[in-house]
Amino acid sequence: MLKRTQTIATATDETADACALSRRSLLRLGLTGGAMLMGMPAFAAGDGKDGAPVAGGTLTIGADADPIGLDPTVVTAFSSADFIALIYSGLLRWNAKMEIEPDLAVSYEMPDEKTYIFKLRQGVKFHNGQDFTAEDVKYTFDRILDPATASHLRAQYSTVTAVTVVDPYTVKFELESADAAFLNYLATADDGAIVPKGVENLMTDPVGTGPFIFGSYQPNQQFTLNANPDYYEEGLPLLSTVVFRFYKDQSTLSSALRSKAIDMTWLKDPKVAALMSRTSPQLVSAPGQTSRTFPIWMNLKAAPFDDVRVRRALSLATDREACVQTVLSGSGKVGAMLPESHVGGYDGTGEMPYYKHDPEAAKKLLAEAGYPDGIDLGEYIVVAANALDVACAQILQQQWQAAGITVKLMPMETAPLLNHWSSGTWPTLLSVALSWTPDADAIFQYLVSDSKFGKAVGVSDDKLDAMIAEARSEVDTEKRAARNMEIQKHIAENAYILQVYQYPLRWEIWWDSIKGYEPLAANVRSFVRTAWRDE
């Protein structure tokens, strides 16, 4: 029997997936009290001389969308991620290099490939004064796995068969099989956030163990967080207050940054971000990792999308490269289900089934499906707040028309759009872009037959389900990459979704008076906890 005590370290991006850690025979973290994290010294505030951090002050962040709920177990909106990352903590977390490091856990052991035993940090309190123990970890994951909760995370933790409290500061996870994604999920803000046992109404009154405490929220105006005086990482946070101000379009967001009404924001359009950083040398610009894919979801439960010929026709009618050049000015790539940042990600250099732009072949397939004179697909719903998504939808509308396919564009606010998507109540076509995920499996889970979203979309494919499960249990990186590519080809062959392109989700930009901040490929602002003002 294999028995090791593991360091929680070095899962550098998706090319070194988390289960590579389980093949290392090293060692133990031996961390206590939050004073040391992976050799990083505790933070000590100074007076700003010689670059020493200064405690206090307010950081104002310009946000492009309000949070849609604050309970990490049930939230699906990317717009909630920043807030969850600062209010809650998980057993593990990502460092600035996207390596896994400890958070509420200080170490873990693997008696075998299907068992993880975590030792927990002691002396931690939730924001309501409640002590953090192993009972809270068990409660969090029991809640995720309970079908009644309807958590999208249930699919991601589907290999977990039991969570057991060994003692107040030790918790055991038992899995049904080796799981290459497990540690990655635990390290990700939404997916691994621990909630307190017995506390309700987390959607509107969040209670975590993170560096900041929920202060107040005025919808469409601002969201305020206050420093947690009992935070377990010594010397942090440095800021007293963090304020998110909401702006509904990129132009007002950009203007607010230029006028210094806000200290930090991120921009969706690479052209705008590049221009701002060139014209304002005091702005720090950090282009994101290519991690956002723009898919079109088809409701497969009814005609016409229950006919694969119609779905394939729509794929053939799409000129993906033209969309990349026109909408993104070449700053992206043709995409498949996975972005290139994931193991086995597709970067547009090869060929996927039905990716070739061929309007005549599309017309032929439609005729075979009983639509010789073309087809009106009705509404195509797209996020109104994302100008790039709307622009791409307009180009697609024109491309499809050339193949005899008609759609009516329906820009929609984010909250109702997500509700349609997650419940499967949209009529025909809908675009919800996928942002960074901790593991390739998190993206594939959207098309697993018995997952929340698989049921909503109407996917029912036993072969695909088996392929995804086999890839998740494959801990060899090269073999897993090959499996992931085959999965993407199978999805494209059946045209379960229509993928257009991939590109960086956000370009972060902030004034250089803000120090100690590190942007993450995960596109969440976890390192606000180490940020400070140098003014």
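Residues numbered from 1 in each chain as written. Predicted model: local features only at pLDDT ≥ 70, side-chain atom pairs only at ≥ 80, totals over all residues. Heavy atoms only, no water.

How should I be thinking about the pairing of strand β9 (residues 212-218) in this particular structure?
Successive side chains on a regular strand alternate, one facing one side of the sheet and the next facing the other. In this sheet, strand β10 (residues 222-227) lies alongside β9 in antiparallel orientation, the contact comprising six bridges. Bridge pairing in β10 places S216 opposite T224. Taken together, β9 and the strand that follows it, β10, pair antiparallel across an intervening segment of three residues, in which N220 is found at a positive phi of about 65°. (Pairing = 2+ DSSP bridges. Helix = DSSP H or I, 4+ residues; strand = E, 2+ residues; numbered from the N terminus.)

Mind showing me how you'd approach the nonpolar core here?
A general tendency of soluble globular proteins is for nonpolar side chains to be buried together. Ranked by size, the top nonpolar core spans 88 residues in total, and within it W297, Y380, W400, W421, L429 and Y501 carry the most contacts. Top element by residues in this core is helix α11 (residues 387-401). It accounts for seven residues. With sequence-adjacent residues up to four places away left out, Y380 is seen in contact with F294, I296, A393, L396, W400, V407, K408, L409, M410, L429, L430 and S431. (Core = buried A, V, L, I, M, F, W, Y, C linked by side-chain atoms within 4.5 Å. Buried < 20%, exposed > 50% of the residue type's maximum accessible area, 1.4 Å probe, protein only. Contact = heavy atoms within 4.5 Å.)

Looking at this structure, I do not really get the environment of D131. What am I missing?
With respect to the helices and strands, the residue D131 is situated in the loop between β6 (115-120) and α2 (134-145). As a C-alpha pair, D131 and H152 span 21 residues in sequence and 27 Å in three-dimensional space. What D131 contacts, discounting residues up to four positions off in sequence, is V124, K125, F126 and D136. One polar contact links D131 to K125, side chain to side chain, over a distance of 2.6 Å. (Polar contact = N/O pair within 3.5 Å; in protein donor to acceptor, adjacent residues only side chain to side chain.)

What am I meant to see in the packing of helix α15 (residues 462-472) against helix α16 (residues 477-494) here?
Two packed helices can be described by the angle between their axes and the distance between those axes. For the pair α15 and α16, interaxial distance at closest approach is 9 Å and the crossing angle is 160°. Taken as axis vectors, α15 and α16 run roughly antiparallel relative to one another. The handedness of the crossing between α15 and α16 is left-handed. Residues K463, L464, M467, I468, E470, A471 and R472 of α15 form the contact with α16, whose participating residues are R480, R483, N484, E486, I487, H490 and I491. Residue composition of the contact of α15 with α16, grouped by class: six nonpolar, two polar and six charged. (Axes fitted to C-alpha atoms, helices over the stretch in contact; angles between N-to-C directions. Parallel < 35°, antiparallel > 145°, perpendicular 65-115°, else oblique. Left-handed = near helix turned anticlockwise from the far one by under 90°. Nonpolar A, V, L, I, M, F, W, Y, C, P; charged D, E, K, R; others polar.)

Sorry if this is basic, but what is going on with the UniProt feature "domain: Solute-binding protein family" (unreviewed entry) in the protein chain here?
The UniProt record annotates "domain: Solute-binding protein family" (unreviewed entry) at residues 99-453. Structurally, residues 99-453 is divided into 29% helix and 25% strand, and its ends, taken at the C-alpha atoms, are 29 Å apart. (UniProt positions renumbered as here; feature names shortened; annotations may be inferred.)

So what exactly am I meant to see when it comes to the domain arrangement of the protein chain here?
One frequently used descriptor of interface size is the decrease in accessible area upon assembly of the parts. You can read the domains of the protein chain as domain 1 (88-187) and domain 2 (292-503). On a C-alpha basis, the centroid separation for the pair domain 1 and domain 2 is 32 Å. Between domain 1 and domain 2, the contact holds 16 residues from the first and 14 residues from the second. Together domain 1 and domain 2 conceal approximately 1,100 Å² of surface at their shared face, both sides included; 58% is due to carbon and sulfur atoms. A per-residue breakdown of the area domain 1 buries against domain 2 is headed by A155, A180 and Y185, which together make up 37% of the total. Connecting domain 1 to domain 2 are one salt bridge. For the side of domain 1 that touches domain 2, the secondary-structure elements that each account for two or more residues are α3 (153-156) and α4 (182-186). (Domains from an automatic or database assignment. Buried area = accessible area lost by both parts, 1.4 Å probe. Salt bridge = Lys/Arg side-chain N within 4 Å of Asp/Glu carboxyl O.)

I would appreciate a short explanation of helix α12 (residues 414-423) in the present structure.
Since the α-helix advances by 3.6 residues per turn, residues separated by three or four positions end up pointing in the same direction. By the burial criterion, the buried members of α12 are L417, L418, W421 and S422. When α12 is viewed along its axis, its buried side chains cluster within an angular range of 125° and face the same direction. Note on α12: the residue one or two positions beyond its end, G424, has a positive phi of about 70°. (Arc of directions from axis to C-beta.)

Before we go on, may I ask you to explain the sheet that holds strand β17 (residues 405-412) in this structure?
Sheets are built from strands paired through backbone hydrogen bonds, the pairs being either parallel or antiparallel. Ordered in space as β15-β19-β14-β18-β16-β17, the six strands form an open sheet in which the pairing is mixed. On the outer flanks of this sheet lie β15 (333-334) and β17, each paired with one strand and no other. Across seven bridges, the pairing between strand β14 (residues 290-298) and strand β19 (residues 497-504) is antiparallel. Residue R292 lies in a different strand from β19, and its bridge partner there is Y503.

Hey, could you run me through the pattern of salt bridges in this one?
Should the charged atoms of two oppositely charged side chains come close, the side chains can pair. For the structure on display, the rule yields 25 salt bridges. Here E340 makes a salt bridge to K333, at a shortest N to O gap of 3.0 Å. A relative accessible area of 32% means that E340 is categorised as partly exposed. By relative accessible area, which is 32% here, K333 ends up partly exposed.

Which parts of the structure should I look at to understand unusual backbone geometry?
The phi torsion of most residues other than glycine is negative, and most of the peptide bonds are trans. Going from L236 to P237, the amide bond is cis rather than trans, its omega being -5°. For P237, the position within the fold is in the loop between β10 and β11 (241-246). Along the chain, A303 connects to P304 via a cis peptide bond; the corresponding omega equals 5°. Following the sequence through the fold, P304 ends up in the loop between β14 and α8 (308-316). Unlike most non-glycine residues, M98 shows phi in positive territory, near 60°.

What am I meant to see in α11 here?
The end-to-end C-alpha distance of α11 is 21 Å, a good match for the 21 Å that 15 residues give at a rise of 1.5 Å each. Looking at α11, one finds that the buried residues are L388, D389, V390, C392, A393, I395, L396, Q399 and W400. (Expected span 1.5 Å × (residues − 1).)

Can you walk me through the packing of α8 against helix α10 (residues 359-368) in this structure?
At a minimum axis distance of 8 Å, the contact between α8 and α10 shows a crossing angle of 165°. Relative to α10, the element α8 is oriented roughly antiparallel. Note on packing geometry: the crossing formed by α8 with α10 is left-handed. For the pair α8 and α10, the contacting residues are R309, V310, R312, A313 and L316 in the first and P359, A361, A362, L365, L366 and E368 in the second. A breakdown of the residues in the contact of α8 with α10 according to their chemical character gives eight nonpolar, no polar and three charged.

Honestly, the state of the cysteines in this entry has me stumped. Any pointers?
In protein chemistry, a disulfide is the covalent bond that joins the sulfur atoms of two cysteines. In total, this model carries zero disulfides according to the counting rule given. C392 provides the cysteine sulfur closest to C323, a residue in no disulfide bond, and the two sulfurs are 4.1 Å apart. According to the relative accessible area criterion, C323 is buried, its value standing at 0%. (Disulfide = S-S within 2.5 Å.)

What exactly am I supposed to notice about the environment of V75 here?
Secondary-structure assignment places V75 in the loop between β2 (58-63) and α1 (81-87). Spatially, the C-alpha atoms of V75 and M203 are 8.2 Å apart, while their sequence positions differ by 128 residues.

Would you mind showing me how to read the packing of aromatic side chains here?
The geometry of an aromatic ring pair is captured by two quantities: the separation of the ring centres and the angle between the planes. What the rule picks out here adds up to 30 aromatic pairs. Measuring from ring centre to ring centre gives 4.8 Å for Y116 and F182, while their planes differ by 50°; the resulting arrangement is tilted. On the criterion of sequence distance, the pair formed by Y116 in strand β6 and F182 in helix α4 is long-range, its members being 66 residues apart. Relative accessible area serves as the criterion here: at 1%, Y116 is assigned to the buried category. With a centroid separation of 5.1 Å and an interplanar angle of 80°, the aromatic rings of W510 and Y517 are classed as edge-to-face. Note on W510: relative accessible area 5%, which makes it buried. A network of ring pairs unites the aromatic residues Y108, Y116, F118, F141, Y157, F173, F182 and Y185 as a single cluster. The lysine or arginine in question, K301, covers the ring of W426, its NZ or CZ lying 5.9 Å from the ring centre. Positioned above the aromatic ring of W266 is the side chain of R525, whose terminal nitrogen or guanidinium carbon lies 3.8 Å from the ring centre. (Phe/Tyr/Trp six-rings, centres within 6.5 Å; stacked < 30°, edge-to-face > 60°. Lys NZ or Arg CZ within 6 Å of the ring centre and 35° of its normal.)

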